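If you want the building blocks of each chain, they are given just below.
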Amino acid sequence: MDSTAATILAVSLMIIMLGMGLSLTVEDFKRVLKFPKAIALGLINQIILLPLIGFALAGFFKVEPHIAVGIIILAACPGGPTSNLLTHLAKGDVALSVSLTAVNSLITIISIPLFVNLGLNAFMAEDTSIAAPTGSIVQTLLMVIAIPLGIGMTINKLKPTIASKIDKPVRVFSATILFVIIIALVLRLGEQLVGFLTSALLIALALNVTTMLVGFFSSRLAKLSFRESLTISIESGNQNGTLAITVAVAVLQNEAFAIAAAVYSLIMYGTALIPIGIGNKQATKAAL
């Protein structure tokens, strides 16, 4: 992908993260202290267990190295901007979801380079032309995550009316740009796509379903409420596909690394219907 396209992708992600910041307040970060158990378990699931599951699945399915690295990049990314909306639709704990997304987005600035480096060493060691530019990854993540989030939160604090007005358009933009990115990847990869899709589909689905199940049942074992468990399940199974594609394409400059994220981004909305249905059924029972 040429530098112009990579720049457009990075700027698009900055706008998406700015939109996330528009809905955040300092209280969302302070909630870590108020509800330490739920936040800690959610972060453990997302930052530690999810990448480990990604490595395990990549080894189990024995997929092409590019798909394996793509899965690791995806698993290392924080929850997507839509996880809060999906949690709301599932009658989950939206406050917990927002806090997990916010805190995890900042922590992964450090963890993503670590896991990407491990993934490249594990699956692309024979290709000496590919190396993990740790410094570039950190710099890119600061530019596309930390700074836009800070700007969005500042607008929300100083001009909440403006933040409220532009929040929805930015969310629509988020979904639209992800769709456009996926279409662009399909067109660029052409004939290579069929082989990549075949191997990426099963492992992406396995990653999505496994992480949701682990998120839910680990929360129940920790005696969190049903709503908290459902929320952590959704957060664990709704990754920021746009960020994963940005790391793959704009930083590592390899479109093949982005295929897993593109496939996953389509799958996760379909599987999200399951916790949404379960959450609404539970809420209806509780109301009776």
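Since this is a predicted model, take the numbers as computed values, not measurements.

Another point: the overall build of the protein chain. Scanning the protein chain from N- to C-terminus turns up 13 helices and zero strands. Relative to a compact globule of 288 residues, whose C-alpha radius of gyration would be 19 Å, the protein chain shows 18 Å and is just as compact. Counting only C-alpha atoms and orienting by the principal axes, one finds that the protein chain spans roughly 55 × 40 × 30 Å. Counting the 288 residues in the protein chain, one finds 53% classified as buried. Of the contacts formed within the protein chain by residues at least 6 apart in sequence, a portion of 86% connects residues at least 24 apart. Counting every atom, the protein chain has about 12,900 Å² of accessible surface; 71% of that belongs to carbon and sulfur. Put simply, the protein chain has 17 plus and 12 minus side-chain charges, and the middle of one group is 17 Å from the middle of the other.

Moving on to the packing of helix α12 (residues 259–271) against helix α13 (residues 273–287). Running from N to C, α12 and α13 point in directions that differ by 20°, and their axes come no closer than 4 Å. The angle between α12 and α13 falls in the class roughly parallel. In contact with Tyr-269, Gly-270 and Thr-271 of α12, α13 contributes Leu-273, Ile-274 and Pro-275. Counted by class, the contact of α12 with α13 contains four nonpolar, two polar and no charged residues.

Relative to the helices and strands, Ser-219 resides in helix α9 (residues 192–221). Once residues within four sequence positions are removed from consideration, Ser-219 is found in contact with Leu-41, Leu-224, Ser-229 and Ile-232.

By size, the foremost hydrophobic cluster in this structure holds 60 residues, and its most contacted members are Ile-73 and Leu-243. Here this core gets nine residues from one element, more than from any other, and that element is helix α4 (residues 65–76). Those residues within four positions of Leu-243 in sequence are excluded, and the remaining contacts are Leu-13, Cys-77, Pro-78, Ile-112, Leu-141, Val-144 and Ile-145.

Under the 1.5 Å per step criterion, the end-to-end length of α13 is 21 Å for 15 residues, consistent within 8% with the ideal 21 Å. Three or more residues of α13 are buried, namely Pro-275, Ile-276 and Gly-279. Each buried residue of α13 sits inside an arc of 100° when the element is viewed along its axis, so together they form one side. Opposite the buried face of α13, at more than 90 degrees from it, the exposed residues are Leu-273, Ile-274, Lys-281 and Lys-285.

Here we come to the packing of aromatic side chains. Throughout the structure, instances matching the rule amount to four aromatic pairs. Plain terms: the ring middles of Phe-60 and Phe-61 are 5.3 Å apart, the flat faces sit at 90° to each other, and that makes the pair edge-to-face. For Phe-61, a relative accessible area of 29% puts it in the partly exposed group. Three or more aromatic residues joined by ring pairs form one cluster here, namely Phe-216, Phe-217 and Phe-226.

Moving on to unusual backbone geometry. Phi at Lys-62 is positive, roughly 50°, even though this residue is not glycine. Mapped onto the fold, Lys-62 is located in the loop between α3 (36–61) and α4. Look at Lys-62 and you get exposed, because its relative accessible area is 70%. At Lys-223, a residue that is not glycine, the phi angle is positive and equals roughly 65°.

On the surface, a nonpolar cluster with roughly 330 Å² of combined accessible area is contributed by Leu-205, Val-209, Leu-213 and Phe-217. Locating Leu-213 in the fold gives a position in helix α9. Given the relative accessible area of 45%, Leu-213 is considered partly exposed.

Criteria and thresholds
Residues numbered from 1 in each chain as written. Predicted model: local features only at pLDDT ≥ 70, side-chain atom pairs only at ≥ 80, totals over all residues. Heavy atoms only, no water. Helix = DSSP H or I, 4+ residues; strand = E, 2+ residues; numbered from the N terminus. Rg over C-alpha atoms; globule rule 2.2 N^0.38 Å. Buried < 20%, exposed > 50% of the residue type's maximum accessible area, 1.4 Å probe, protein only. Contact = heavy atoms within 4.5 Å. Areas by Shrake-Rupley, 256 points an atom, 1.4 Å probe, with all protein chains shown as cover. Lys, Arg positive; Asp, Glu negative; His and termini not counted. Charge placed at Lys NZ, Arg CZ, Asp CG, Glu CD. Axes fitted to C-alpha atoms, helices over the stretch in contact; angles between N-to-C directions. Parallel < 35°, antiparallel > 145°, perpendicular 65-115°, else oblique. Nonpolar A, V, L, I, M, F, W, Y, C, P; charged D, E, K, R; others polar. Core = buried A, V, L, I, M, F, W, Y, C linked by side-chain atoms within 4.5 Å. Expected span 1.5 Å × (residues − 1). Arc of directions from axis to C-beta. Phe/Tyr/Trp six-rings, centres within 6.5 Å; stacked < 30°, edge-to-face > 60°. Patch = residues over 30% accessible without salt bridge, like charges linked within 9 Å, V, L, I, M, F, W, Y side chains within 5 Å. Salt bridge = Lys/Arg side-chain N within 4 Å of Asp/Glu carboxyl O.

Taken by themselves, the reported measurements are silent on function.
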